[in-house]
Amino acid sequence: MWSPSISAEDFRILRWVADVCKDGNPCRLFEVTVPGGDVRPVAGYPEGLGVEDLFKKLDALVERGFLESVFDRKLLHCPKCGKTSLTPHTACSSCSSEDIQRSAVYIHSCGASIPETALSRLTSCPKCKDALDKSLFTVVEYRFLCHNCGNLFYEPRALVECLTCGWVDDVKNSDQLVLRKYSLTGEGRGLLESLDPAKQLVRKLIAGGFDVREKVRVMGLSGTVHFMDVVAVKKDRSETRLYTVYYRLSASDIMASTVKRLDIEKTAIEGAAGRVRWVVAGVEVDDSALRVAQTFGVEVERI
């Protein structure tokens, strides 16, 4: 069964999140520059990653359970130049003129709708021609009046203009970018801080240029399901290391690992590449374990 690997780049991203979100609560990892409207990561982010790539990496780490995220805010940005420096405009729904004004609307007894801005200029009702008597009017709502074409309407047309390149269009045609806040999960924090031997080994291997997977399920020749504690593949795919991990490594552990090795074919390890090495690792290693390992040709590594 394939499980996603943790790369040195993933590890650097997790460390960056831990450094930024020091209190453990979800926090902002991106800021918007003023002026300019560019979205960029806050200080300390992993070098060599563009913003779009960083978004994808963060989403992948959330999906794999190392990070969690919550909605922060939504930004509108220009589809032409990509900047977020958009300013809103309202315009007439009929002629698109921006010369509009919100106005109270009076209803005459005959049913005519007359904007408050036009009432002072009229001496008679434009519909029934009766003389205007304020006692015959009621205010029922507010609408927008276009001074260019005279249109009276409920909702104006919503436009946005890019202050960087001059693009103008309906707000619905702008691009949207959702920014989220991030924090480490228990699994993510454990990968960075845990004293568990496997986690210590993972950190060591990542620093050495390996992509690492943990708890890799493998079907043995006997039909037994085995789990490799750590599978590490060199970035240039020249070498794969298959680890069984213990805290205190004894002679019996060497024997158990040897039996597992005999039951597993190298081709059964998905993603393995290059030279394949079988390694038994431990924080503490008994002298008896070293003697047995030498007898059976088992490679031992101290964590």
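All values derive from a computational prediction rather than experimental measurement.

Peer 1: Sorry, what's going on with helix 1 (residues 8–20) here?
Peer 2: Note on helix geometry: an α-helix contains 3.6 residues per turn, so any two residues three or four positions apart are oriented the same way. Here helix 1 is 13 residues long and its end C-alpha atoms lie 18 Å apart, about the 18 Å a rise of 1.5 Å per residue gives. When we look at burial in helix 1, the residues that qualify are A8, D10, F11, I13, L14, W16, V17 and A18.

Peer 1: Just to check I follow, could you spell out the packing of aromatic side chains for this structure?
Peer 2: Centre-to-centre distance and the angle between the planes together describe a pair of aromatic rings. Using the criterion set out here, one finds two aromatic pairs in the structure. Judged by centre distance (6.0 Å) and plane angle (15°), the rings of F144 and F153 are stacked. Of the two residues, F144 and F153, neither departs from the other in class, the shared state being buried. Looking at R102, its charged tip hangs above the ring of Y142, at a distance of 4.5 Å from the centre.

Peer 1: Could you clarify how one ought to interpret the packing of helix 1 against helix 2 (residues 51–63) in this entry?
Peer 2: Two measures define how a pair of helices packs: the angle their axes make with one another and the distance between the axes. Remark: helix 1 packs on helix 2, axes separated minimally by 11 Å, with the N-to-C direction vectors making an angle of 85°. Judged by the angle between their axes, helix 1 and helix 2 are roughly perpendicular. Residue-level inspection shows E9, D10, I13, L14, W16 and V17 of helix 1 in contact with helix 2, the latter providing L54, K57, L58 and L61. Its residues assigned to classes, the contact of helix 1 with helix 2 shows seven nonpolar, no polar and three charged.

Peer 1: Honestly, the packing of helix 6 (residues 251–263) against helix 7 (residues 287–296) in this entry has me stumped. Any pointers?
Peer 2: Where helix 6 contacts helix 7, the two axes come as close as 7 Å, and the packing angle between them is 30°. Of the possible angle classes, the one that applies to helix 6 and helix 7 is roughly parallel. Contacts between helix 6 and helix 7 involve A251, I254, M255 and T258 on the former and, on the latter, S288, A289, V292, A293 and F296. A per-class count over the contact of helix 6 with helix 7 returns seven nonpolar, two polar and no charged.

Calculation notes
Residues numbered from 1 in each chain as written. Predicted model: local features only at pLDDT ≥ 70, side-chain atom pairs only at ≥ 80, totals over all residues. Heavy atoms only, no water. Helix = DSSP H or I, 4+ residues; strand = E, 2+ residues; numbered from the N terminus. Expected span 1.5 Å × (residues − 1). Buried < 20%, exposed > 50% of the residue type's maximum accessible area, 1.4 Å probe, protein only. Phe/Tyr/Trp six-rings, centres within 6.5 Å; stacked < 30°, edge-to-face > 60°. Lys NZ or Arg CZ within 6 Å of the ring centre and 35° of its normal. Axes fitted to C-alpha atoms, helices over the stretch in contact; angles between N-to-C directions. Parallel < 35°, antiparallel > 145°, perpendicular 65-115°, else oblique. Contact = heavy atoms within 4.5 Å. Nonpolar A, V, L, I, M, F, W, Y, C, P; charged D, E, K, R; others polar.

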